[in-house]
Amino acid sequence: MSVLSELLVILLNGLQQGAIYVLLAVGLSIILGTLKFVNFAHGALYLIGTYAGLFIALDVTLSSGKLQEWGYADIGLGWGFLAALILVPILVFAIGLLMERLLARSFYDRPDTDQILVTFGLAIVVQELFRVLFGSNSLPFNQPEYILSVIPVSGPMTLPIVGQFPRWRLWVIGITAVLVGLVYLLVEHTDFGLVVRAGTRDAEMVRLLGIKISRPYLVVFGIGAALAGVAGVVGGPLNVVNPTVGMDILVPAFLTVVIGGVGTIAGAVVGGLVIGLTQAALIGLPALTIGSFTLNFSPWAQVGLYAIAAIILLVRPQGILGDEEVAP
Amino acid sequence: MSDPKTTSDGGTVVADESLTSRWERIREREATVVGLTAVAVALFPWLFARAPVVSDVLLGYQSLATLILIWGIFAIGFDLLLGYTGLLSFGHAAFWGGAAYAAGVVANNVSADPIVMVLSGTVFAVLLAWVLGFLSLRRGGIYFSILTLAFAQMLYYMSAAPLAFLTGGENGLTGISVTPLFGLFHLESDLPTFAGELLGTWLYLYVGVFAVLAVAAAYRILNSPYGMVFRAIRENEQRAEFVGLNVWRYKLMAFVISGAFAGVAGSLFTIHGSYVPLQSLYWTESGEIVIMTVLGGTASLFGPVLGAGIYLYVENIVSGVQQLTVPFTDIVLINDFGTYWHLLLGLVFVVVIWAAPRGIWGAISDARAFVRGLVGGERR
C-alpha cells in the first residue's frame, strides 16, 4: 500500500469521524450561541437518534432489559435507512421543541451552572431509561446493505480500526456536508436567520421591534436537536449502540465547539475536522522506530485529541474562529 | 455586637472589643462544630451497622460507613469550589482518581505505609490541580466546566492505554497491600474493646480522623477572610475584581484546595479498597460528586456529606432491594425496584435543581426555620 493511499484513508477516516462531531457541534453551537443555553443533554438526543434509527431501519431482537422481560423482544419496523434518515430528525426535532418549552425555557434566566446541572440530570434520566428498557447490552446496528460495498482505495485496507472503507463512511461525510450547508444558509441568508442573529446580539431590541423572539428560539433548539438525531442515525453503525454512548460522545462534541469557537457554524466545522483528523492520524500513522525505541501512536489517539484541544486553547482561548471574549 | 451595654458606649473601643468578642465567638463555634463532628463520626458506624433496631432497618455495614466518610471528604472539598466560589468543575475525577493511582503506585513501588500513601496521593492531586486549574481557568463559566471535563478525560485515556505499564490499563491497579499504620495497627482489624464496638476497624478510625480534620479545615477556610473572598467571587466576580482582588489567583487557589481534599479522599479510597479501578478517572465519577454535592446542598458545610451518604446508600443498599412493598404488608408496589435506582436518583436530582437549588440540607434548614417561626423560638 502506497503512502498516498494510506494518507487518503487517514483523511477519509478523519473526515468521517469529524463529520459526526460536526453534526453534534453545530447543534450545540447554535443553541449555545443564540439561546445562551448549555445543553449537556445533547448526547441524550444523539442516543435517542441512534436507538430510533435502529428501530426504524432494522428489525431488532432484544436479549436484555425490561422490554424483553415484558415480552416485547422483537421490535423494529424494518423500513430501511432512508426512512430512518427522514423520520428520526422529525422525531428528535419534536423532542427538542418539547425540551425547550418544558425545561430549557425556565432556565434561560438562571446561572450557567444550573443549566449544566439540570441538563446533565436529564441526560442521566434518559440514559437510565434506555438502560432499564433495553438493557445495558450493545445492540447490533448493521450498516445499510445497499451501500455496504467497499470502495477500493488502491487495494484492500487492513488498518486496525478502519477495517475496510465502506461506502457508508462517504455517505456520512456527504450527509453532514449537505445538512450543515443547509443550516448555514438558513442562519446566514434568510429572514429567519436574520432575526435569530439579531436576537443573539440584543434580544431586548428585537422584542422592541415587535418580533416575537421566542418562536425563532424554539425552532433553533429544534434544529439543533434534529442534527443530534441525525448524528445518532449516521453514527450508529460506526460506533457501538448502548445506553452510555450519548454521554461518551458529548465530551468530544463539546470540545469541538470550544476549540472551533462558539456560535459560528464554520467554527464547529473546523473544530470537528481538527479533532477527527487528529484522531484518525494517530490511529492510522505507522509506528515510528528510532533505533531500538518504537513509538506507537495508536494508544495515544484519544489522548492526542484532548492534547490538541489543550494546545489550541492555550494559544487561542476563544477558539479557532471565535470572537475575542468581551466582558459580559 | 448584640450586647446593648457595649454598643451604647460609642467610640473606637467598641469596634475593637466587638471584633475580639466576635473572634472569640467564631473560635467557640469552631470548637463546637468540630467537636460535634467528631462525636457524629464516632457514633455513625455503630448506629449504621451495629445498633440494635436502627441498623436492622438501615441494613448498613461497616465498609459502607467508611466509604461514606471518604466520599464525604471529597464532597466537602468539591463544595468549597462549587458552593462557595461558584465554579462548576466537571473534572474532579482527575484529582480523585489521580490521587488514588498515585497512592497505589507509591504503595506498590515505594512504601505501602498508609500515611505515605495519603501524603503522596495528596501532593500529586495538588500539583495536578495547579496545572489543570491554570489551563482551565483561562476561560470562565461553562467553558471552565467543559475544559475541566476534557482534561480529566485526557487523564483517563492516558491511564487506559499509554501509561498502562504503570496503571494496569483496563484492569485497574491491583496488588496493593497496605502495611499496618505506624507498623503496629492492621487497618482491617477491629479496634480493641469498647472502641471496636463503637467505631469498628482501625481503617474507620484513620479515615474518621481525616474526616474531622477536613471539616475543621473547611470551616477554618470558610470563616477566614480568605474564604470571604471566595464568596465575594461567587456573588459578583467583576465587583471583586474592581475592589482590587486578584480574582484569578483566588479562583486558582480555591481549585487547588478542593483538589487537595479530593486527593486525600482518593488516597483513602485506595487504602480502603486496595484496588484502583480505571473507572475512578472516568468522567461519570466527576458527575457523581456533582450529584452528591448538589443533592445534599451546596454552600453548606454538611450538605455535601449528607448528599454523599444518600447517594452511596442508594447505590449500595437500595439497589439491592428486590421488591418495594407497602410497609408491614405483602402488597408489592414495584418489582425489581433496585434496577431503577439510578433512574430515580436522576429524577430526584432534576427536581432538586429545579425546585430546591439549595439541596436537601437547604430544605431541612428552611423547615427548621419554619418550625422555629411557628413555636416562636428566640434565636436571633
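An unreviewed UniProt entry annotates chain B as Branched-chain amino acid ABC transporter permease originating from Halogeometricum salsisoli. Turning to chain B, the UniProt record has this under Subcellular location (unreviewed entry): "Cell membrane".

Per an unreviewed UniProt entry, the recorded name for chain A is Branched-chain amino acid ABC transporter permease, and the organism is Halogeometricum salsisoli. Here chain A is described in UniProt, under the heading Sequence similarities (unreviewed entry), as follows: "Belongs to the binding-protein-dependent transport system permease family. LivHM subfamily." Quoted verbatim from the Subcellular location (unreviewed entry) heading of the UniProt record, the comment on chain A is "Cell membrane".

What follows concerns the confidence of the model for chain B. For chain B, mean pLDDT is 83; residues scoring 70 or higher make up 91% of the total. Considering only residues more than four positions removed or in separate chains, one finds that residues 1-14 of chain B, a stretch of pLDDT under 50, has eight contacts.

Attention shifts here to the interface of chain B and chain A. Taken residue by residue, the interface counts 40 residues in chain B and 48 residues in chain A. Between chain B and chain A, roughly 3900 Å² of surface is buried when both sides are summed, and carbon and sulfur atoms account for 78% of that area. Viewed at the interface, chain A and chain B are joined by zero salt bridges. Along the contact surface separating chain B from chain A lie four residue pairs in polar contact (both at pLDDT 80 or more). In terms of residue count, helix α7 (residues 141-160) of chain B provides more of the side of chain B that touches chain A than any other element does, 13 residues in total.

On to a nonpolar patch on the surface. Residues and elements named next belong to chain A. Taken together, the side chains of Leu77, Trp79, Leu82, Ile86, Leu87 and Ile90 make up a nonpolar region of the molecular surface, amounting to roughly 630 Å² of accessible area. With respect to the element layout, Ile90 can be found in helix α4 (residues 81-102). The class for Ile90 is exposed, based on a relative accessible area of 53%.

This part covers the side chain of B:Thr201. Inspection of the secondary structure puts B:Thr201 in the loop between α9 (193-199) and α10 (202-222). Apart from the residues within four sequence positions on either side, B:Thr201 is in contact with B:Gln62, B:Leu187, B:Glu188, B:Ser189, B:Asp190 and B:Leu191.

Below, the discussion takes up the side chain of B:Thr122. All names here are of chain B. If you trace the backbone, Thr122 turns up in helix α6 (residues 114-136). In this structure Thr122 comes out as buried when scored by relative accessible area, which is 15%. Beyond its immediate sequence surroundings of up to four residues, Thr122 is in contact with Ala260, Gly263, Val264 and Ser267.

Turning our attention to the pattern of salt bridges. All names here are of chain A. Applying the stated criterion across every chain, the model contains ten salt bridges over all chains. A salt bridge links Glu128 to Arg131, with the shortest nitrogen-to-oxygen separation between them at 3.2 Å. Here Arg131 and Glu128 lie together in helix α5 (residues 112-134), a separation of three residues that amounts to about one turn. For Glu128, a relative accessible area of 3% puts it in the buried group. In this structure Arg131 comes out as partly exposed when scored by relative accessible area, which is 26%.

Here we come to the nonpolar core. A:Phe40, A:Phe120, B:Trp71, B:Phe90, B:Phe95, B:Leu268 and B:Trp283 are the most contacted members of the largest nonpolar core, which has 217 residues in total. A total of 16 residues in this core trace back to one element, the largest contributor, which is helix α4 (residues 62-85) of chain B. Those residues in contact with A:Phe40 that sit more than four places away from it in its chain are A:Ile116, A:Thr119, A:Phe120, A:Ala123, A:Leu250, A:Phe254, B:Phe90 and B:Leu149.

Our next topic: the UniProt feature "transmembrane region" (unreviewed entry) in chain A. Residue and element names in this part refer to chain A. According to UniProt, the feature "transmembrane region" (unreviewed entry) maps to residues 20-38, 45-65, 77-104, 116-134, 170-187, 217-241 and 253-277 in the numbering used here. Note that residues 45-65 is 62% helix and 10% strand, and that its end C-alpha atoms are spaced 20 Å apart. Between the C-alpha atoms that bound residues 217-241 there is a distance of 31 Å. The span itself is 76% helix and 0% strand.

Further remarks concern empty space enclosed by the protein. In total, this model carries one cavity of 30 Å³ or more according to the counting rule given. As for the largest cavity, its lining consists of A:Ala310, A:Leu313, A:Leu314, A:Pro317, B:Leu135, B:Arg138, B:Arg139, B:Leu147 and B:Phe151. Contributing elements (two or more residues each) for the lining of the largest cavity: α12 (301-315) of chain A together with α7 of chain B. The element contributing the most residues to the lining of the largest cavity is α12(A), with three residues. The class makeup of the residues in the lining of the largest cavity is seven nonpolar, no polar and two charged.

Quick notes on the rules
- Residues numbered from 1 in each chain as written.
- Chains lettered and ligands numbered in written order.
- Predicted model: local features only at pLDDT ≥ 70, side-chain atom pairs only at ≥ 80, totals over all residues.
- Heavy atoms only, no water.
- UniProt positions renumbered as here; feature names shortened; annotations may be inferred.
- pLDDT = per-residue confidence, 0-100.
- Contact = heavy atoms within 4.5 Å.
- Buried area = accessible area lost by both parts, 1.4 Å probe.
- Salt bridge = Lys/Arg side-chain N within 4 Å of Asp/Glu carboxyl O.
- Polar contact = N/O pair within 3.5 Å; in protein donor to acceptor, adjacent residues only side chain to side chain.
- Helix = DSSP H or I, 4+ residues; strand = E, 2+ residues; numbered from the N terminus.
- Patch = residues over 30% accessible without salt bridge, like charges linked within 9 Å, V, L, I, M, F, W, Y side chains within 5 Å.
- Areas by Shrake-Rupley, 256 points an atom, 1.4 Å probe, with all protein chains shown as cover.
- Buried < 20%, exposed > 50% of the residue type's maximum accessible area, 1.4 Å probe, protein only.
- Core = buried A, V, L, I, M, F, W, Y, C linked by side-chain atoms within 4.5 Å.
- 1 Å grid on protein atoms, 1.4 Å probe; cavity = no way out; pocket = protein on both sides within 12 Å on 5 of 7 lines; lining within 4 Å.
- Points joined across faces, edges and corners; volume = space filled by probe spheres on them.
- Nonpolar A, V, L, I, M, F, W, Y, C, P; charged D, E, K, R; others polar.

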